[in-house]
Amino acid sequence: MSVAGVTETTQYLTFKLDDEVFALDIAKVREVLDFTTVTKVPRTPDFMRGVINLRGSVVPVVDMKLKFGMSTTQKTVNTCIIIVEVVVEGESAILGALADSVQEVIDLEPNQIEPSPKIGTRLKTEFIKGMGKRDNNFIIILDINKVFSADELSLVQGANGLPAASDQ
Amino acid sequence: MEEVDLIRQVFLTESVEHLQNIEDCLLAMETNPDDTDTINALFRAAHTIKGSSGIVGLEIVEKFTHNVESLLDKVRRGELRINADITEVLLKCRDHIASLIEIETDGRLLEGELKATGEALKSELLKLLGAKQEEDKKIEASAVVEAAPSYNASETSNWHLSLRFSQNVLQDGMDPISFINYLSRIGEIVYLATLTDTMPSLEEMNPENCYLGFELEFKTDFDKKTIDDVFEFVREDSQIRILPPHSSVSSYVELIRSLPEDPLRLGELLVKGGALTQSELDAALQEQDESKGRLGEILVKDSVVHPEVVEAAVEKQKRAREVKSLESQTIRVDINKLDQLVNMVGELVITGANINQQAQRLQDGSLLESASAMSRLVEAIRERSMQVRMVPINEVFTRFNRVVRDICHDSGKEIELVINGGDTEVDKTVVEKISDPLMHLVRNAADHGLEMPEARAAKGKRAKGVLKLNAFHDAGCIVIEVVDDGAGLNKEKIIKKALERGMLNQSQIQTMTDGEIYRLIFEAGLSTAEQITKLSGRGVGMDVVRKNIEALRGTVEVSSQENQGTTVSIRLPLTLAIIDGFLVGIGDSSFVIPLDMVVECVELSEAYRESKDRRSYINLRGEVLPYLRLKDLFEESSEVSKYENIVVVKYLGFKVGLVVDNLFGEVQAVIKSLGRLYKDIEGVSGATILGDGTVALILDIPRLVSIAEKMEHLVTDSQ
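Residues numbered from 1 in each chain as written. Chains lettered and ligands numbered in written order. Predicted model: local features only at pLDDT ≥ 70, side-chain atom pairs only at ≥ 80, totals over all residues. Heavy atoms only, no water.

## Looking at the overall build of chain A
Then, number 1: Helix and strand counts for chain A come out as three helices and 11 strands.
Then, number 2: When the helices and strands of chain A are read in sequence order from the N terminus, they spell out β-β-β-β-β-α-β-β-β-β-β-β-α-α.
Then, number 3: For chain A, the residues scored as buried account for 51% of the 168 residues in total.
Then, number 4: Sequence-distant contacts in chain A: of pairs separated by 6 or more residues, those separated by 24 or more amount to 56%.
Then, number 5: As displayed, chain A has an accessible area near 8000 Å², and 46% of this comes from carbon and sulfur atoms. (Helix = DSSP H or I, 4+ residues; strand = E, 2+ residues; numbered from the N terminus. Buried < 20%, exposed > 50% of the residue type's maximum accessible area, 1.4 Å probe, protein only. Contact = heavy atoms within 4.5 Å. Areas by Shrake-Rupley, 256 points an atom, 1.4 Å probe, with all protein chains shown as cover.)

Following this line, the structure appears as structure tokens:
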């Protein structure tokens, strides 16, 4: 049983958040950086970690773990920033996603991808494109455009005028 | 295909300029209808639009402009005098051409209203052309009477053509001989002389250049236009002069004077060709022997030509030369190329700052020296590259001549537009973006601010209202003022509207200053206009004006006095790309405060720090200075540092202190956008990259202050 929209073998970049393995369509990934200094933008939700300097451009960095309700990503030697290209409100934008570690690039056939379960992932279903089968484990394939959709990021916009809702 | 697009693109940019030129000229002629320079410029602009629209295949534009050109040609030849009616028609034609260009480049069809307008304008043009033809006859008749007793008109019935092709004509793919061949197909060449005066010596001669000039006597029944059209493709670079039959001697003299060759030799040629009689020339030659003067002067003495005519001709040539030299000193550059350049200079500034820091760290004397020499150069390059993008604000201002004129025309008001400081320079992007908000403000002032002449008279004011546009530089900003001497803003009306809309409550009004009340007009949904007119009260409102200006990191202020007028002043940064900033540290983060807002820095003394929970103002040399604790505002959780400083910033005339942990000093901040994700963040206007590669945020002081105000209101309201 395959997932609608996935009809050919696609390459995915896998990465870990805590112990769970996630994957991203490689076509969306620009590059992977080591964790560098992130400048926090005041009065924004915690999962918006801030901005970094990517060769002269200012690129926002999102903490996916916080976004998915896990703990804050701690800096380790393996911590990476995955630079992805997403479409926000019809325009493409570059942003960085924090990951505890980046694993490998894998090929997945359409028949290796299962539809996402309604419950059990502790993630919003629309964030998940499908579940990739590999060996005996499942990999959560993220729909990065949904994760960083305008609605999700509107939390940022909620921070105007008054203290952000995500205050300690 | 691509090339055609490219040519069209060039045509589009140029046509905008030409149309603007036409408008400027027409407006100038309202006050000075007989200025030949303006008339010529006007004709040239229309002619160029016609010609180039033909080349890029915009036939509708070409056809319509042709009629305009014919009319202007008559004006140019002095057969028709510009008056208010003609100006009105021509202005409408100009607008029509602009719309035609727009629809035809879009590939849309000419239909509906636009087509009707076109037809109407065309018939008006033709009417004017016809009317003037009758006048023509009168002028001709009177000319004959004048000419009879003197020898001012030459006897020849031939056309005289002077051809000086540009040296590049062969390289451009044109052959002069084919033009001459073509001429012999539409008439008879009576006489042809080839001039080789400009031919250099054999060593210097470039066989691919054309050095020849031609003088022709030409007999034809066709009109000047037809002959002129023969040279359509070479007219730009070449000197083509056509004198109709029976031209006055003075036009021949002017011709001789304007050509590069020896006047005497030309004179002989003219006689040989039969353009002038020997006696006319003899008289001139004789004089020349006696006085060694130049042909022009001789003819003047001989009263063949009036001195003013020669003077005018000479003056005109001189001016033409000046204009030409100016033209050759400017080049048209794609704005993208400039942007790239500015971007790279921005990177250079960052890298330079980095090198400086490294040099500081290493404490190597010679390295420090070179590093500082380099930063000086980089600074110079930065300034130059910024200047490249600077254009005079007049580019926008002159547009309003027409706007104001039209408003007067439609509403019956009398308004004088006064422009001050039009040559104040500002970044091209700023000019583009400020155009719409300014248009709105000008229309508002003219439409709502200034009263009708009777109303003004009743108030004891001059019937003619004054609308001023001022621009000047002030503390790293450009200030643009729209000043009118009209009715002023009506405070009661604003308050009433604001109450109706529920934007305010009664108690708030009690505490509001006049300035704050006037500021309400920039809020959405508050229009004090009683009726919506053709000109304003629709489309963008004052709130959009404010938003547009704030998007440019600018501010807008309004002051007003009842029956004295209203002043709206807009304050904009000179450039959008780089600012001089003051780097401060709060906790682990660095922030940049725009340097032009920083007044001074003072230490936050121990006594105040201890009482920090109670109040947030200090005594600054006897002045009350309220301060904001940025750390609290930004919810930075780091510990309170040992020393805190206050950066005093001035904003809209009042001072605020910002409490920060560290003062790092001045930096040049290349402004980077935070991107769409952070587009609605308040208190931060952008980011910049520091010498060490980290990102620092640029503080938006006005917004910070308003956030602090809101938070304080929350606290006080809950008490």
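## Side note on the sheet that holds strand S10 (residues 555-561) of chain B
All names here are of chain B.
Then, number 1: If you trace the five strands from one edge of the open sheet to the other, you get S6-S8-S9-S11-S10, paired in mixed fashion. Each having just a single partner strand, strand S6 (415-420) and S10 make up the two edges of the open sheet. Strand-to-strand twist of the sheet, defined as the mean angle between neighbouring strand axes without regard to direction, takes the value 15 degrees.
Then, number 2: Examined bridge by bridge, S10 and strand S11 (residues 565-573) share seven bridges and lie antiparallel to one another. Directly across from Gln-561, in S11, lies its bridge partner Gly-565.
Then, number 3: Along the sheet, helix H17 (residues 428-449) makes contact with S6, strand S8 (465-474), strand S9 (477-484) and S11, crossing S9 at roughly 20 degrees. (Pairing = 2+ DSSP bridges. Axes fitted to C-alpha atoms, helices over the stretch in contact; angles between N-to-C directions.)

## Some details on the sheet that holds strand S3 (residues 213-219) of chain B
All names here are of chain B.
Then, number 1: Overall, antiparallel pairing links the four strands, which are arranged S2-S3-S1-S4 in an open sheet. Either end of the sheet is taken by a strand with one partner, and the two such strands are strand S2 (188-195) and strand S4 (239-243). Sheet twist, expressed as the average angle between the axes of neighbouring strands with direction ignored, equals 15 degrees.
Then, number 2: As paired elements, strand S1 (residues 159-164) and S4 share five bridges and run antiparallel to each other. Of the residues in S4, the one forming a bridge with Leu-161 is Ile-242.
Then, number 3: Of the strands in this sheet, S1, S2 and S3 touch helix H6 (residues 176-186), which is tilted by about 5 degrees from S3.

## A look at the interface of chain A and chain B
Then, number 1: Residue-level contacts link 28 residues of chain A with 26 residues of chain B.
Then, number 2: Ranking the residues of chain A by area buried against chain B places Pro-42, Arg-43 and Val-58 of chain A at the top, with a combined share of 24%.
Then, number 3: Inspection of the region where chain A meets chain B yields zero salt bridges.
Then, number 4: Counting across the interface, chain A meets chain B through one residue pair in polar contact (both at pLDDT 80 or more).
Then, number 5: Within the residue set of the side of chain A that touches chain B, elements represented by two or more residues are strand S4 (48-54), strand S5 (57-63), strand S7 (91-99) and helix H3 (150-157) of chain A.
Then, number 6: It is S4 of chain A that contributes the most residues to the side of chain A that touches chain B, five residues altogether.
Then, number 7: Tallied by class, the residues present in the side of chain A that touches chain B amount to 13 nonpolar, 10 polar and five charged. (Buried area = accessible area lost by both parts, 1.4 Å probe. Salt bridge = Lys/Arg side-chain N within 4 Å of Asp/Glu carboxyl O. Polar contact = N/O pair within 3.5 Å; in protein donor to acceptor, adjacent residues only side chain to side chain. Nonpolar A, V, L, I, M, F, W, Y, C, P; charged D, E, K, R; others polar.)

## Brief notes about the pairing of strand S21 (residues 695-699) of chain B
Residue and element names in this part refer to chain B.
Then, number 1: Among the five residues that make up S21, five are buried, leaving the element largely enclosed by the rest of the structure.
Then, number 2: Going residue by residue along S21, you find Val-695, Leu-697 and Leu-699 tucked away on one face and Ala-696 and Ile-698 tucked away on the opposite face as well.
Then, number 3: Sheet analysis places strand S20 (residues 684-689) next to S21, joined by five bridges and oriented antiparallel. Note on S21: the bridge partner recorded for Thr-688 is Ala-696.
Then, number 4: In textbook terms, the turn of a hairpin is the stretch between consecutive antiparallel strands, and for S20 and S21 this stretch comprises five residues, one of which, Gly-693, has a positive phi near 90 degrees.

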